[in-house]
Amino acid sequence: MQKSNRQPAVTRDGTEIGLQANVELPIEMNMVKQAGAAGIGLLRTEFMFMNRDDFPNEEDQYEALRGMVEAMNGRPVTIRTLDIGGEKVSEGLISTLGHSISSPLGLRGIRLALARTDVLETQLRAILRAANHGPVRILFPMVTMPSEVRRARKILARAARGLKRDGFEVPSPLPPCGTMIEIPAAALAADALARVSDFFAVGSNDLTMYTLATDRADEQVAKMFDSLNPAVLKLMQITAEAAARAGVPISICGEMAGDPRNTALLLGMGFREFSMASTNIPRVKKRIR
Ligand code: PEP
Ligand code: MG
């Protein structure tokens, strides 16, 4: 581990900032530790669902997640439930789930999970079992409105009851449940979402895409994809203020969080938790210090 990675991420006026890692694959865990990440702020679970036309079973998901939770040695791991859809699809999944999942406005993220509660419940069982091995938070993607979070939490409670019936240990209390704020409607409804969420994670990638009607995967409009566009920043500000009013912790985990040129702006907006590709942590830490 480099020296800078052992230094705390503290501003000159003594404010501590949490720098966590975004993770897409188990193979990244060594890098995460070397970067001195305070935890995993966004564990994208899509890797378990891609390149196949069926769904992974509970045992396989549990084994993969447990390995990553244990590798963090007691540091928190925020596990996002399946965020399939939009650009995160494969031919196999389209043939199983239909074309709507490949539309950015279609059956994706939490919508798909709530349409296939069997798939969500299996994943939540795996997450709850992994949570016996270290501190875990659960994060719901692509939320538009509070009713989706309430329904997902009911399925979590059902998963917990089922596990107990089957003789498994279940963490008590259940892990905190957070909401990704990455759809403009969610940012505008942040006060209401704060009442059903234990934390917020701002996904500036999708928030930028939906606010500016600019496909994040389309190179021809890449120049328009600007997370610093005032309209995007305004939605982030609304979200940060709602979180502060409600006392709900808020982090930012889109690409912009990993660019040190944005660090001062994000701190000024009230963000104290950042999650980014682990390779960016040292540069952002330097900027914070
Ligand atoms: C985001 O949308 O900003 C985000 C962090 O999630 P993903 O990039 O996985 O969609
Ligand atoms: Mg997203």
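Thresholds, definitions, all that
- Each chain has its residues counted from 1, running along the sequence as written.
- To label them, take the chains in the order written and letter them from A, then take the ligands in the order written and number them from 1.
- Where local features are concerned, this predicted model is filtered to residues with pLDDT of at least 70; where side-chain atom pairs are given and counted, the filter is 80 or more; whole-chain, interface and lining totals use all residues.
- Calculation of side-chain values draws on the structure's entire complement of heavy atoms; hydrogens and water are dropped beforehand.
- Secondary structure elements follow DSSP: runs of H or I of four or more residues count as helices, runs of E of two or more count as strands, with numbering from the N terminus.
- Each radius of gyration reported is based on C-alpha atoms, and the globular scaling rule is 2.2 Å times the count of residues to the power 0.38.
- Only protein chains enter the calculation, and the probe is 1.4 Å; a residue is then buried if its accessible area is under 20% of its type maximum, exposed if over 50%, and partly exposed in between.
- Residue contacts are counted whenever heavy atoms from the two residues lie within 4.5 Å of one another.
- All accessible-area figures derive from a Shrake-Rupley calculation using a 1.4 Å probe, and residue coverage is judged against the displayed protein chains alone.
- Keep in mind that water is not among the atoms, so a site may look incomplete; donors are the N, O and S atoms within 2.8 Å of the metal, or 3.2 Å for Na, K and Ca.
- Nearness is defined per residue: one heavy atom within 4 Å of the molecule or strand is enough.
- Polar contacts, as used here, are pairs of N or O atoms within 3.5 Å; protein pairs need one atom able to donate a hydrogen and one able to accept it. Residues neighboring in sequence count only if both atoms are side-chain atoms.
- Throughout, the protein atoms alone are placed on a 1 Å grid, and a set of points is a cavity if a 1.4 Å probe fits but cannot get out or a pocket if it is open with protein on both sides within 12 Å along at least five of seven lines; lining residues have an atom within 4 Å of a point.
- Any molecule with more than half of its atoms within 2 Å of a cavity's or pocket's grid points is counted as sitting in it.
- The nonpolar class holds Ala, Val, Leu, Ile, Met, Phe, Trp, Tyr, Cys and Pro. Asp, Glu, Lys and Arg form the charged class, and all remaining residues, Gly among them, are polar.
- Here is how to tell: hold the view so the strands point away, follow the path from the first strand over the helix to the second, and if it runs clockwise the crossover is right-handed.
- Strand pairing requires that DSSP identify at least two bridges connecting the strands.
- Grid points are joined across faces, edges and corners, and a volume is the space filled by probe spheres set on the points.

## Things to note about the overall build of the protein
Right, so step 1: In terms of regular secondary structure, the protein is built from 13 helices and eight strands.
Right, so step 2: Against the globule reference of 19 Å for 289 residues, the protein gives a C-alpha radius of gyration of 18 Å, in line with a compact fold.
Right, so step 3: Along the first, second and third principal axes, the C-alpha atoms of the protein reach 50 × 40 × 35 Å.
Right, so step 4: When each of the 289 residues of the protein is scored for burial, the buried share is 54%.
Right, so step 5: The long-range share in the protein, meaning contacts at least 24 apart out of those at least 6 apart in sequence, stands at 68%.
Right, so step 6: Just so you have it, the protein exposes about 12900 Å², and 51% of that area is on carbon and sulfur atoms.

## Some words on the coordination of the magnesium ion (ligand 2)
Note on metal sites: the ideal angle is 109.5 degrees for four tetrahedral donors, and 90 or 180 degrees for six octahedral donors.
Right, so step 1: The protein atoms that coordinate the magnesium ion (ligand 2) are E182 (OE) and D206 (OD), at distances spanning 2.0 to 2.1 Å. Note that E182 is positioned in the loop between β5 (177-181) and α8 (184-188) and D206 in helix α10 (residues 204-212), a separation of 24 residues in sequence. The residues E182 and D206 share a single accessibility class, namely buried.

## As for the site of ligand 1
Right, so step 1: Taken together, 14 residues are adjacent to ligand 1, and R44, R80, K88, N205 and R216 come closest.
Right, so step 2: Side-chain polar atom of R44 to an oxygen atom of ligand 1: 2.6 Å apart, as the coordinates give it.
Right, so step 3: Here an oxygen atom of ligand 1 sits 2.7 Å away from a polar atom, N or O, in the side chain of K88.
Right, so step 4: For ligand 1, the accessible surface in isolation is 280 Å², of which the surrounding protein chains cover 100%.
Right, so step 5: If you map ligand 1 onto the pockets, it falls in the largest cavity.
Right, so step 6: When residues of the shell around ligand 1 are traced back to their parent elements, those giving at least two are β2 (40-44) and α10.
Right, so step 7: A per-element tally of the shell around ligand 1 places α10 first, with three residues.
Right, so step 8: Within the shell around ligand 1, the residues separate by chemical class into three nonpolar, four polar and seven charged.

## Quick look at the pairing of strand β3 (residues 77-80)
Right, so step 1: The alternating pattern of β3 places V77 and I79 on one face and T78 and R80 on the opposite face, and all of these are buried.
Right, so step 2: As a crossover connection, the stretch from β2 through helix α3 (residues 58-71) into β3 is right-handed.
Right, so step 3: Sheet topology places β3 next to strand β4 (residues 136-140); four bridges connect them, and they run parallel. What sits directly across from V77, in β4, is V136.

## Some details on the layout of surface pockets
Right, so step 1: Estimates place the volume of the largest pocket at around 240 Å³.
Right, so step 2: N205, F225, D226, S227, L228, E255, M256, D259, R261 and N262 together form the lining of the largest pocket.
Right, so step 3: Residues that form the lining of the largest pocket fall into these classes: three nonpolar, three polar and four charged.
Right, so step 4: Approximately 210 Å³ is the volume attributed to the second largest pocket.
Right, so step 5: Along the walls of the second largest pocket sit 15 residues, with Q7, P8, A9, G36 and A38 positioned nearest its centre.
Right, so step 6: Looking at the lining of the second largest pocket, its residues break down into seven nonpolar, four polar and four charged.

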